[in-house]
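Summary of structural features
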Amino acid sequence: MLKAYKYRLYPSESQIEILVKHIGACRFTYNWALEQKNKAYEVDKKYLSRFELQHRLVHDLKPNNEWLKEVNSQSLLNTLINLESAFTRFFREKKGFPNFKSRKNPVQSFQIPQHYSVDFETDTIKLPKLKQPIKAKLHRKFEGKLKTATVSITPTGKYYISILVDDGKELPEKEMFDEKSTLGIDVGLTHFAILSNGEKIDNPKHLRNSMDRMKILQKRTSKKQKGSKNRNKARLAVSTLHEKIRNQRTDFLHKTSSKLISENQAIAVETLNISGMLKNHCLAQAIGDVSWSVFFRQLEYKAERYGKTLLKIGQFEPSSKLCNVCGFHNGKMTLKDRYWSCPECNTEHDRDINAAINIKKFALQNQNLLNI
Ligand SMILES: [Zn+2]
């Protein structure tokens, strides 16, 4: 089983110089490879394979760019693998065409596929091309085989390493589930998530406070003159708060997904229309959207890890309009209606809880675990 462990790094000035060089060189190589592929296709209608690119990297790009030799060559080769997967996603899942990497991306990173080591005794990590090990805060121990590591730098200059570890264990067998041990989850605008057992989960207060503060900071930044010292200062404050929000959110999502997976045998969700969501520019909404897709991914891999089942149903618009008791379709309901009473069976409904119950019902029907 693969698990990721993320640690804060505390590199020295000279180590920072080398890490930054790696990030720059990997971005440079990735963009060069993408350009080679684009050109080959435009000019000769030819598809350049990763191995052809690898050949050109070694025999053309590197001899003409001496500085690339100061960088771990496996990290450079790894960018070609990443580019290949970006193209696979594009062709197979019709996801966006691979983009050039910009130095303006908020988080910059590079990968190390092997030949690095972690020392829990001295709290250090040894990376290729760096003579001295880097100080790290190794707050969690692990055992297993080291796979790819990713070193990243945040907009406020913090360094992290995320290490993929294979513990050699098989995934557990799936546990049986039935109606009682299955939970339906609906994500909504009024709450982070609504559960079929009637529970509503909100973003924690400290995260909401940070999000409110973000609105104020962004407004303040936009009023400052472009290029001025004050604007730069304000922008740094925005980046710092962004990082804080990201950490608070990650923490909340992990706690919530772990709790739900441990308490239930199966979880039913409605697949989200992510592309539709990305068009939404409202900040709080944007943060919510990202949260949901991260949350669903966490539910998915935690279900795998603990032998639970994640049931996904396609987006189903009337899930909030159908009475979960008698199946009556309330066509008159608008987005504003939070509560309604079913004219057929007189059940009083909370719109969101009714939707969560329906999601659970549809998911179980798909499994033939529910007869109606
Ligand atoms: Zn009804």
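Residues numbered from 1 in each chain as written. Predicted model: local features only at pLDDT ≥ 70, side-chain atom pairs only at ≥ 80, totals over all residues. Heavy atoms only, no water.

1. Brief notes about the sheet that holds strand 8 (residues 182-186)
As a reminder of what qualifies: Pairing between strands is defined by DSSP: at least two bridges between the two strands are required. Think of it this way: any DSSP run of H or I at least four residues long counts as a helix, any run of E at least two long counts as a strand, and we number them from the N terminus. Residue contacts follow a heavy-atom distance rule, with two residues in contact if any of their heavy atoms lie within 4.5 Å. Axis angles are defined between N-to-C directions and span 0 to 180 degrees, where every axis is a line fitted to C-alpha atoms and, for a helix, only to the segment in contact.
Taken together, 5 strands build an open sheet; the order of strands is 10-9-8-11-12 and the sheet is mixed. Two strands lie at the open edges of the sheet, namely strand 10 (200-201) and strand 12 (309-313), each paired on one side alone. In this sheet, strand 11 (residues 266-270) lies alongside strand 8 in parallel orientation, the contact comprising 4 bridges. Its bridge partner lying in strand 11, Ile185 is registered against Val269. Strands in contact with helix 8 (residues 351-366) are strand 8, strand 9 (193-195), strand 10, strand 11 and strand 12; relative to strand 8, the strand with the most contacts, it is inclined by about 130°.

2. Concerning unusual backbone geometry
We apply this condition: Using a 1.4 Å probe on the protein chains alone, a residue whose accessible area is under 20% of its type maximum counts as buried, one over 50% counts as exposed, and one in between counts as partly exposed.
A positive phi angle, near 50°, is found at Lys45, a position not held by glycine. Following the sequence through the fold, Lys45 ends up in the loop between helix 1 (13-44) and helix 2 (50-64). Taking the relative accessible area as the measure of exposure, Lys45 reaches 59% and is therefore exposed.

3. Quick word on the side chain of Lys361
Threshold: Under the convention used here, Asp and Glu are negative, Lys and Arg are positive, and both His and the chain ends fall outside the count. Throughout this description, the term salt bridge denotes a Lys or Arg side-chain nitrogen within 4 Å of a carboxyl oxygen of Asp or Glu. Think of a polar contact as two N or O atoms within 3.5 Å of one another; within protein, one of them needs to be a possible hydrogen donor and the other a possible acceptor, and neighboring residues in sequence only count if both atoms come from side chains.
Locating Lys361 in the fold gives a position in helix 8. Of the side chains with opposite charge, Glu179 comes closest to the buried, unpaired Lys361, at an N-O distance of 8.0 Å. Side-chain polar atoms of Lys361 contact the backbone oxygen of Asn324, separated by 2.6 Å.

4. Digging into helix 4 (residues 205-223)
Here is the rule: The span you would expect from a helix comes to 1.5 Å times its residue count less one. The arc in question is the one spanned by the directions pointing from the helix axis to the C-beta atoms.
Taking 1.5 Å as the rise per residue, helix 4 with 19 residues should run 27 Å; its terminal C-alpha atoms sit 28 Å apart, in good agreement. Within the sequence span of helix 4, burial applies to Leu207, Ser210, Met211, Met214, Leu217 and Thr221. Seen end-on, helix 4 carries its buried residues on one side only, within an arc spanning 125°. What points out from helix 4, more than 90 degrees from its buried face, is the exposed set Lys205, Lys219 and Lys223.

5. Re the environment of Leu9
On the secondary structure map, Leu9 appears in strand 1 (residues 2-10). Taking the C-alpha atoms as reference points, Leu9 and Arg246, separated by 237 residues in sequence, lie 18 Å from one another. If we skip the residues at most four places from it in the chain, Leu9 touches Ile125, Ile134, Lys135, Ala136, Val151, Tyr159, Tyr160 and Ile161.

6. Brief notes about the packing of aromatic side chains
Rules: Stacked, edge-to-face and tilted are the three classes for Phe, Tyr and Trp ring pairs, Trp counted by its six-membered ring, which pair at centre distances within 6.5 Å; planes under 30 degrees apart are stacked, over 60 edge-to-face, the rest tilted. For a ring to carry a charge above it, either NZ of a lysine or CZ of an arginine must fall within 6 Å of the ring centroid while also lying within 35 degrees of the normal to the ring plane.
Taken as a whole and assessed by the stated rule, the structure comprises 10 aromatic pairs. Between Phe120 and Phe142, the ring centres sit 5.3 Å apart and the planes meet at 80°, which makes this aromatic pair edge-to-face. Placement of Phe120 in the loop between strand 3 (117-119) and strand 4 (124-126) and of Phe142 in the loop between strand 5 (134-137) and strand 6 (145-153) is noted, with a sequence separation of 22 residues between them. The class of Phe142 is buried, set by a relative accessible area of 12%. Centroid distance Phe192 to Phe252: 5.1 Å. Interplanar angle 75°. Geometry classified as edge-to-face. Residue Phe192 is found in the loop between strand 8 and strand 9, and its partner Phe252 is found in helix 5 (residues 229-263); the two are separated by 60 residues along the sequence. Note on Phe192: relative accessible area 4%, which makes it buried. A relative accessible area of 10% places Phe252 in the buried class. Here the aromatic cluster, defined as three or more aromatic residues joined through ring pairs, consists of Phe87, Phe90, Phe91 and Phe97. Over the ring of Tyr160 we find Lys6, and its NZ or CZ is 5.0 Å from the ring centre. Over the face of the ring belonging to Phe87 we find Lys37, whose NZ or CZ atom lies 4.8 Å from the ring centre.

7. Comments concerning the coordination of the zinc ion
Spelled out, the test is: The rule for donors is simple: an N, O or S atom within 2.8 Å of the metal counts, and for Na, K and Ca the reach is 3.2 Å. Water is not among the atoms, so a site may look short of donors. A four-donor site is called tetrahedral if each angle lies between 85 and 135 degrees; a four-donor site is square planar, and a six-donor site octahedral, when trans pairs exceed 155 degrees and the remaining angles lie between 65 and 115; all other cases are labelled irregular.
Taken together, the protein ligands of the zinc ion are Cys323 (SG), Cys326 (SG), Cys342 (SG) and Cys345 (SG), with distances of 2.3 Å. What the 4 donor atoms of the zinc ion show is an angle range of 103 to 114° at the metal, which sorts the shape as tetrahedral. By relative accessible area, which is 2% here, Cys323 ends up buried. The exposure class assigned to Cys345 is partly exposed, which follows from its relative accessible area of 28%.

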